[in-house]
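Below are the chains, spelled out letter by letter.
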Amino acid sequence: MEIRETFIPEVKLVIPDVFGDNRGWFYESYNYEKFKALGIDTVFVQDNRSFSQKKGTLRGLHFQKAPKAQAKLLCCTRGEILDVAVDLRKGSPTYLKWVSAHLSGENKHFLYIPKGFAHGFVTLTDNVEVLYKVDDYYSKENDRSIRFDDESIGVDWGIAEPILSQKDSSAPLLRDSDVNFVYGE
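Everything numeric here is computed off the predicted structure, so don't read it as measured data.

Colleague: Help me understand the overall build of the protein chain, please; the structure alone is not making it clear to me.
Modeller: Within the protein chain one finds two helices and 13 strands. Taking 185 residues into account, the globule formula puts the C-alpha radius of gyration at 16 Å, and the protein chain, at 16 Å, falls close to it. Over its C-alpha atoms, taken along the principal directions, the protein chain stretches across nearly 55 × 35 × 30 Å. Counting every position in the protein chain, which comprises 185 residues, the buried fraction comes to 48%. Restricting to contacts in the protein chain with at least 6 residues of sequence separation, those with at least 24 account for 79%. Of the roughly 9,700 Å² of accessible surface on the protein chain, a fraction of 48% belongs to carbon and sulfur atoms.

Colleague: Help me out: how do you make sense of the sheet that holds strand β2 (residues 12-15) in this one?
Modeller: Each strand in a sheet pairs with its neighbour through backbone hydrogen bonds, running either in the same direction (parallel) or in the opposite one (antiparallel). With respect to topology, six strands assemble into an open sheet ordered β1-β2-β10-β7-β12-β5, the strand pairing being antiparallel. Each edge of the open sheet carries a strand with a single partner, namely β1 (2-5) and β5 (46-52). Neighbour-to-neighbour, the strand axes of the sheet open up by a mean angle of 25°, direction not taken into account. Where β2 and strand β10 (residues 110-113) come together, three bridges link them in antiparallel fashion. Paired with L13 across the bridge in β10 is L111.

Colleague: In this structure, what is going on with the state of the cysteines? I would like to understand it.
Modeller: What is meant by a disulfide is a covalent connection between two cysteines, made through their sulfur atoms. Tallying each qualifying case throughout the model produces zero disulfides. For the unlinked cysteine C75, the closest cysteine sulfur is that of C76, found at 7.6 Å. Taking the relative accessible area as the measure of exposure, C75 reaches 4% and is therefore buried.

Colleague: Explain the environment of L74 to me, please; I cannot follow it from the model alone.
Modeller: Along the chain, the position of L74 falls in strand β7 (residues 72-78). Separated by 31 residues in sequence, L74 and V43 place their C-alpha atoms 14 Å apart. When near neighbours in sequence (up to four residues on either side) are disregarded, L74 contacts D83, L103, H109, F110, L111, I113, H119, V130, L131 and Y132.

Colleague: Got a minute to help me understand the pairing of strand β4 (residues 24-27) in this structure?
Modeller: Judged from the four bridges that link them, strand β3 (residues 18-21) and β4 form a sheet pairing that is antiparallel. Looking at β4, one finds that F19 is bridged to F26.

Colleague: Could you clarify how one ought to interpret the pattern of salt bridges in this entry?
Modeller: Close approach of charged atoms allows side chains of opposite charge to pair. If you walk through the whole model with that rule in mind, you get 15 salt bridges. Notably, a salt bridge pairs D136 with K68, separated by 3.3 Å at the nearest N-O pair. One end of the pair, D136, is in the loop between β12 (128-134) and β13 (143-145); the other, K68, is in the loop between β6 (58-64) and β7, with 68 residues separating them in the sequence. The exposure class assigned to D136 is buried, which follows from its relative accessible area of 15%. Taking the relative accessible area as the measure of exposure, K68 reaches 27% and is therefore partly exposed. Taken together, the shared-partner salt bridges connect E10, D87 and R89 into one network.

Here is what the cut-offs are and how they apply
Residues numbered from 1 in each chain as written. Predicted model: local features only at pLDDT ≥ 70, side-chain atom pairs only at ≥ 80, totals over all residues. Heavy atoms only, no water. Helix = DSSP H or I, 4+ residues; strand = E, 2+ residues; numbered from the N terminus. Rg over C-alpha atoms; globule rule 2.2 N^0.38 Å. Buried < 20%, exposed > 50% of the residue type's maximum accessible area, 1.4 Å probe, protein only. Contact = heavy atoms within 4.5 Å. Areas by Shrake-Rupley, 256 points an atom, 1.4 Å probe, with all protein chains shown as cover. Pairing = 2+ DSSP bridges. Axes fitted to C-alpha atoms, helices over the stretch in contact; angles between N-to-C directions. Disulfide = S-S within 2.5 Å. Salt bridge = Lys/Arg side-chain N within 4 Å of Asp/Glu carboxyl O.

That's the geometry; what it means functionally is another story.
Set out below in structure tokens:
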């Protein structure tokens, strides 16, 4: 297993060791001790899956505010996505910067996103499945989103007219959000 740092050092690209033969392939998708040895000692408590039928579906930007903030470990098990993490930690050297990674069923890469970040993805193919682990349980009271096209962040999604949920199309701009992340907390 290999961990690669991104432009934002706390966000990590995880590349598993994949073993293939004439039958197909095998890889260990999660092993706490191996992740810990590579610097990710997050304990995950819940797995979530999503399915998006159409190419161009955008989910995000989502987060849970403190005290129920969540770290995430994501992979795309079918299809392909552009996965995005946005630093929302006030005082951070990378505040409002974002990183992206192409995750697919083919490349089997994961993206680790720590607490204090918003997350979203856009599907690059039809019939996409995403699996992700979180380190705190879902909290409706702390569930938040911000506009995917907020100009103060400027994510380049590579798509002009994404397919959005009602929640995402009516999400507030960052300046109108009650995001409460502070760098170093």
